[in-house]
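# Analysis of the macromolecular model
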Amino acid sequence: MLMPILQVNSEDIPEYAIVCGDPKRAAAIAAKLDQPRELAFSREYRSFVGTKDGVEIAVVSHGVGSPGAAVCFEELIRAGVKTLIRVGTAGSYSADHPAGSLIVSTAAVRTDGLTRQLVPETFPAVADSAVTEALYHAARQGDGIVSKGITVTLDVFFNGVEEFPHRKFKQAGALAVEMEISALYIIASLRGVRAGAIVAIDGYADADLAAEYDPHTTAVADAVQREMDAAIAALVALAGQEHV
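The rules behind the values
Residues numbered from 1 in each chain as written. Predicted model: local features only at pLDDT ≥ 70, side-chain atom pairs only at ≥ 80, totals over all residues. Heavy atoms only, no water. Helix = DSSP H or I, 4+ residues; strand = E, 2+ residues; numbered from the N terminus. Rg over C-alpha atoms; globule rule 2.2 N^0.38 Å. Buried < 20%, exposed > 50% of the residue type's maximum accessible area, 1.4 Å probe, protein only. Contact = heavy atoms within 4.5 Å. Arc of directions from axis to C-beta. Phe/Tyr/Trp six-rings, centres within 6.5 Å; stacked < 30°, edge-to-face > 60°. Lys NZ or Arg CZ within 6 Å of the ring centre and 35° of its normal. Pairing = 2+ DSSP bridges. Axes fitted to C-alpha atoms, helices over the stretch in contact; angles between N-to-C directions. Left-handed = near helix turned anticlockwise from the far one by under 90°.

With that settled, the discussion passes to the overall build of the protein chain. The secondary structure content of the protein chain amounts to 6 helices and 10 strands. In summary, the protein chain has a C-alpha radius of gyration of 17 Å against a globular reference of 18 Å for 244 residues, a match within 12%. Considering only C-alpha atoms, the protein chain reaches an extent of 50 × 40 × 35 Å along its principal axes. Counting only residues that meet the buried cut, the protein chain has 54% of its 244 residues in that class. Taking all contacts inside the protein chain whose residues are at least 6 apart in sequence as the whole, residues at least 24 apart take part in 77%.

Right, let's talk about helix α1 (residues 23-30) for a bit. Every α-helix carries 3.6 residues per turn, so stepping three or four residues along brings you back to the same face. Of the residues making up α1, those classed as buried are Pro23, Arg25, Ala26, Ile29 and Ala30. All buried residues of α1 lie within an arc of 155° about the axis, which places them on one face of the element. As for α1, its buried residues are in contact with β1 (16-20), β2 (34-42), β3 (45-52), β4 (55-61), β5 (83-92) and α6 (218-242).

Let us now look at the packing of aromatic side chains. Tallying each qualifying case throughout the model produces 0 aromatic pairs. Of note, Lys148 hangs over the ring of Tyr136, and the distance from its end group to the ring centre comes to 4.6 Å.

Positive phi values are uncommon outside glycine, yet Gln7 reaches one of about 65°. Mapped onto the elements, Gln7 comes out in the segment before β1. We classify Gln7 as partly exposed; its relative accessible area is 37%. A positive phi is found at Arg43, a non-glycine position, where the angle reads about 55°.

Here the focus is the pairing of strand β10 (residues 194-204). Burial runs high along β10: 10 of the 11 residues are buried. Two elements, β5 and β10, share 10 bridges in a ladder whose sense is parallel. Bridging from a neighbouring strand, Ser92 pairs with Tyr204 of β10.

Before going further, it helps to spend a moment on the environment of Tyr204. Mapped onto the fold, Tyr204 is located in strand β10. On the basis of relative accessibility, which here comes to 28%, the residue Tyr204 falls in the partly exposed class. With 135 residues separating them along the chain, Tyr204 and Ala69 place their C-alpha atoms 23 Å apart. Excluding its chain neighbours within four sequence positions, the residues that come into contact with Tyr204 are Ser92, Ser94, Ala95, His97, Pro98 and Leu209.

Right, let's get into the packing of helix α2 (residues 66-79) against helix α5 (residues 181-191). Between two packed helices, the angle of one axis relative to the other and the distance separating the axes together describe the packing. Between α2 and α5, the shortest axis-to-axis distance is 9 Å and the interhelical angle comes to 30°. Crossing of α2 against α5: the hand is right-handed. Contact residues: Ser66, Ala70, Phe73, Glu74 and Ile77 in α2; Ala183, Leu184, Ile187 and Arg191 in α5.

If you want it as structure tokens, here you go:
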């Protein structure tokens, strides 16, 4: 069956998938797999499939923001994906997590517009615990700062007339902010599949820590490589647990 937006056939899609925003990042992740092949490149959705240690893994880009990303998540699930991991970047709320740190998202604050049209506003966006632990364990095998905790999902990247109230989420214990995780977790919950996410910190969202935004540093690039490796290792580990 052809997925109309992704333009991939369900027969080509395995049970495990890594999703990311940037089509170029999808290609970089796929290059870490054995015998990767590109399936399609439709709009912002670039799709690959390959294997790692005998586990077949899809890699698909979803673009920026929850609405477009939701299309990707929904079609992958319809194609047969049972476990999804988002690999991305985020802005930090804490000096304890400078650029180059990794954060595994355990849950997401839903300030996006998409998910309130799917479920009541009181419904939580929570990661699958097994996926979270597999990601955290894999990420900690590398160098650098690795934490896990709550992230914030919102639709705004640049400030408008009213500045987004990052401070209250920081005070409540949120670690970072990005633009798609709550959509992933809510859709996974609705469709009965597992999801998790890991983000590389590429700057500060907290105005008190504001510095010139530059996501193209060596520290950020290294962190992105580490989170890619962690996502692949986590899926291999999860597949091994399911087939014991």
